[in-house]
Structures are given as C-alpha cells and as structure tokens.
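Close look at the chain arrangement
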Amino acid sequence: MGRCPRCGKGRLFRGFLALQPRCEHCGLDFSFADSADAPAFFIMFFSGFIVAGSALAVEILYAPPYWVHAILWPPLILITTLLPLRPVKGLMIALQYQNKAAEGRFTGSDAP
Ligand SMILES: [Zn+2]
C-alpha cells in the first residue's frame, strides 16, 4: 500500500520509487531500506514468463504477421513491469523490516 512498515500510516514513497527519509507519522528511519534489484528481478521474471508465453502462444495458434507482435507486446511489457514495481518494492521493504534483514555486522566479542 506504500505505507510505513511499522505504523502503516506514514507514506513510504516520495516519488514513484524514491523513498521518504523517515516516516512522517511514527518517525521510523527508512535508511535501513535497501531492496536493491530484488523488485526488478521478480518483476522481470514474472513479466518475462507472461509476455514470452503469450507471444509464443499467439504465434503458434494464429501465426500473425510480425507487426501484430510489434503492436501487442510493448504495451503488455509496460503494464506487467511498471504497475507492480512500486507495490513489489514496498513489499520487499516491509519484509526487510519484518525480518530485520540487513548486512551482517560484528558485535561484542565477535568484533575483529
Ligand atoms: Zn511509521
């Protein structure tokens, strides 16, 4: 929903994918949030499956001229990649917060 993973009220995003520095409601610092390329990876995986599968099915069933492929698939690619990008990034950050996922750190007697 694009909301803070702790309070569920403050907005998580400042732009389309840019994050707020902290939650405007509960003050949670969003600097821990680093979803890296996980959202893009999952979306490419599923979008590629859907679009390539559809293109293959249409080609095998109807064998249309190539311009039909050129018209059909770019909009489907945009829809299946841009629409889920923000929700999936929000989900990754929420999961990162819930599971306390972060880079490893040395603490106490483990410190070198
Ligand atoms: Zn919050």
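This text goes with the structure placed above it.
Here the structure is a predicted model, which means the values were calculated and not measured.

**As for helix 2 (residues 66-98)**
Look at helix 2: 47 Å from first C-alpha to last across 33 residues, which is about the 48 Å you get at 1.5 Å a residue. When the local axis directions of helix 2 are compared, the greatest deviation, roughly 45 degrees, occurs at L85, which is followed within four positions by the proline P87. Of all the residues in helix 2, the buried ones are H69, W73, T80, L85, V88, K89, G90, M92, I93 and Q96. In this fold, the buried residues of helix 2 make contact with helix 1 (38-62).

**Some details on the packing of helix 1 against helix 2**
It is the contact of helix 1 with helix 2, at a shortest axis distance of 9 Å, that shows an interaxial angle of 155 degrees. Here helix 1 is positioned roughly antiparallel relative to helix 2, judged by the angle of their axes. Helix-helix and strand crossings are classified by hand; for helix 1 and helix 2 the assignment is right-handed. Here A38, P39, A40, F42, I43, S47, I50, V51, S54, A55, V58 and E59 of helix 1 come into contact with helix 2, specifically with H69, W73, L76, I77, T80, T81, P84, L85, V88, K89 and M92. In the contact of helix 1 with helix 2, the residues fall into 16 nonpolar, five polar and two charged.

**Brief notes about the coordination of the zinc ion**
Around the zinc ion, the protein contributes the donor atoms C4 (SG), C7 (SG), C23 (SG) and C26 (SG), at 2.2 to 2.3 Å from the metal centre. Every donor counted, the four donor atoms about the zinc ion form angles of 107 to 113 degrees at the centre, which fits tetrahedral coordination. For the zinc ion, the donor residues sit on a single chain with the sequence spacing C-x2-C-x15-C-x2-C. Judged by its relative accessible area of 3%, C23 is buried.

**Things to note about unusual backbone geometry**
Among all residues except glycine, the phi angle is most often negative; among peptide bonds, the trans geometry is most common. The phi dihedral of A36 is positive, around 50 degrees, even though this residue is not glycine. A positive phi is found at A63, a non-glycine position, where the angle reads about 45 degrees. Of note, A63 is situated in the loop between helix 1 and helix 2.

**A look at a nonpolar patch on the surface**
Together, F41, F42, F45, F46, F49 and I50 line one region of the surface with nonpolar side chains, adding up to about 690 Å² of accessible area. Relative to the elements of secondary structure, F49 occurs in helix 1. Classification of F49 as exposed rests on a relative accessible area of 68%.

**Regarding the environment of P87**
Its place among the elements puts P87 in helix 2. Put simply, P87 and M1 are 86 residues apart on the chain and 6.6 Å apart in space, counted from C-alpha to C-alpha.

**Describing helix 1**
The end-to-end C-alpha distance of helix 1 is 36 Å, a good match for the 36 Å that 25 residues give at a rise of 1.5 Å each. Along helix 1, the positions that sit buried rather than exposed are P39, I43, S47, V51, A55 and V58. Taken together, the buried residues of helix 1 touch helix 2. A positive phi of about 45 degrees marks A63, the residue just after helix 1.

Reading the values: rules and limits
Each residue is numbered by its place in its chain's sequence as written, counting from 1. The model is predicted, so local features are restricted to residues of pLDDT at least 70 and side-chain atom pairs to those at 80 or more, both for listing and for counting; the totals for chains, interfaces and linings are taken over all residues. Side-chain measures here rest on the full set of heavy atoms in the structure, leaving out hydrogens and waters. The helix count covers DSSP runs of H or I at least four residues long, the strand count covers runs of E at least two residues long, and both are numbered beginning at the N terminus. Multiply 1.5 Å by the residue count of a helix minus one, and that product is the helix's expected span. What is called the bend at a residue is the angle between a pair of axes, fitted to the seven residues leading up to and ending at it and to the seven starting from it. Each residue's exposure class comes from its accessible area (1.4 Å probe, protein chains only) as a fraction of the maximum for that residue type: buried when under 20%, exposed when over 50%, partly exposed otherwise. The contact criterion used throughout is that any non-hydrogen atoms of two residues lie within 4.5 Å. The axes used here are C-alpha line fits, helices contributing only the stretch in contact, and every angle between their N-to-C directions lies in the interval 0 to 180 degrees. Angles are sorted into four bins: roughly parallel if under 35 degrees, roughly antiparallel if over 145, roughly perpendicular if 65 to 115, and oblique for all others. The crossing is said to be left-handed when, going from far helix to near helix, the turn is anticlockwise and less than a right angle, and right-handed when the turn is clockwise. Each residue gets one of three labels, nonpolar for Ala, Val, Leu, Ile, Met, Phe, Trp, Tyr, Cys and Pro, charged for Asp, Glu, Lys and Arg, and polar for the others, Gly among them. Atoms of type N, O and S within 2.8 Å of a metal are treated as its donors, and for Na, K and Ca the window is 3.2 Å; water is not considered, so some sites may appear to be missing partners. Any site counts as irregular unless it has four donors with all angles between 85 and 135 degrees, making it tetrahedral, or four or six donors with opposite ones more than 155 degrees apart and the rest between 65 and 115, making it square planar or octahedral. Patch membership requires more than 30% relative accessible area and the absence of a salt bridge. Residues of like charge join within 9 Å; the nonpolar side chains Val, Leu, Ile, Met, Phe, Trp and Tyr join within 5 Å. Only the protein chains shown count as cover for residues, and all accessible areas are computed by the Shrake-Rupley method using a 1.4 Å probe. When a carboxyl oxygen of Asp or Glu lies within 4 Å of a side-chain nitrogen of Lys or Arg, that pair is called a salt bridge.

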